[in-house]
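In case you want the letters, here they are:
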Amino acid sequence: MSKLNVRVAREEDLPAIRQIWDICFDDPIEFTDWYFANKYSVQNTVAYEEGREIAACMQVLPMELIMRGKTCKTGFVVGVSTRPEYRGQGYAGDMLRYSFGLMKKRG
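In this report, we go over the structure that sits alongside the text.

Conventions used here
Every chain is numbered independently, its residues counted from 1 as its sequence is written. Totals for whole chains, interfaces and linings use every residue, but because this is a predicted model, local features are given only for residues with pLDDT of at least 70 and side-chain atom pairs only at 80 or more, for both listing and counting. To obtain the side-chain values, all non-hydrogen atoms of the structure were used and water was disregarded. In this description, strands pair whenever DSSP reports at least two bridges between them. Strands here mean DSSP runs of E at least two residues long; helices mean DSSP runs of H or I at least four residues long; both are numbered from the N terminus. To estimate how far a helix should reach, multiply one less than its number of residues by 1.5 Å. Here the term buried applies to any residue with accessible area under 20% of the maximum for its type, exposed to any over 50%, and partly exposed to those in between, with areas from a 1.4 Å probe on protein chains only. Within this analysis, the arc is defined by the directions that extend from the helix axis to the C-beta atoms. Residue contacts follow a heavy-atom distance rule, with two residues in contact if any of their heavy atoms lie within 4.5 Å. In this description, a line fitted to the C-alpha atoms serves as the axis of each element, helices being fitted only across the stretch in contact, and the angle between N-to-C directions of two axes falls anywhere from 0 to 180 degrees. Whether a crossing is left-handed or right-handed is set by the direction in which the near helix is turned from the far one by less than a right angle, anticlockwise for left-handed and clockwise for right-handed. Each residue gets one label: Ala, Val, Leu, Ile, Met, Phe, Trp, Tyr, Cys and Pro are nonpolar, Asp, Glu, Lys and Arg are charged, and the others, such as Gly, are polar.

With that out of the way, let us pick up the pairing of strand β4 (residues 70-82). Sheet analysis places strand β3 (residues 53-67) next to β4, joined by 11 bridges and oriented antiparallel. The residue bridging alanine 56 from the neighbouring strand is threonine 82, located in β4. Connecting the antiparallel pair β3 and β4 is a turn made up of 2 residues, with arginine 68 showing a positive phi of about 55°.

Below, the structure written as structure tokens:
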């Protein structure tokens, strides 16, 4: 298990988070620009920090699902990404566990 260095992202993390997205996904620039302008929010982003560098990140977009006629608040996990040099160390699992606690805390 990796040492836990997970936190909610900060505004100043955006360039690193965008860079990780570009490294990990083969999305057209138009889509990435649209996503970061319309869907991305710092308070819904979880970052794994290694030293002074963001090594991995993910977003949890708020959603509502209707199950058996009942509306349930939940989060939709997207953009789980890790810089290549940090892969295989359990960072994504740590971020997911952290995000579950964050979603529960936020209701």
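Next comes the rest of the write-up.
This paragraph deals with helix α3 (residues 91-106). Between its first and last C-alpha atoms α3 spans 22 Å; for 16 residues at 1.5 Å apiece the expected length is 22 Å, and the two agree. Within α3 the residues assigned to the buried category are Tyr91, Asp94, Met95, Ser99 and Leu102. The buried residues of α3 all sit within an arc of 130° when viewed along its axis, so they share a single face. Tucked inside the fold, the buried residues of α3 contact β1 (6-8), β2 (45-50), β3 and β4. Phi turns positive, to about 80°, at glycine 107, one or two residues after α3.

This brings us to the packing of helix α1 (residues 14-24) against helix α2 (residues 29-38). Where α1 contacts α2, the two axes come as close as 12 Å, and the packing angle between them is 145°. Classified by chirality, the crossing of α2 by α1 is right-handed. In this structure, α1 uses Leu14, Ile17, Arg18, Trp21 and Asp22 to contact α2, whose residues at the interface are Ile29, Phe31, Thr32, Asp33, Tyr35 and Phe36. Residues that form the contact of α1 with α2 fall into these classes: 7 nonpolar, 1 polar and 3 charged.

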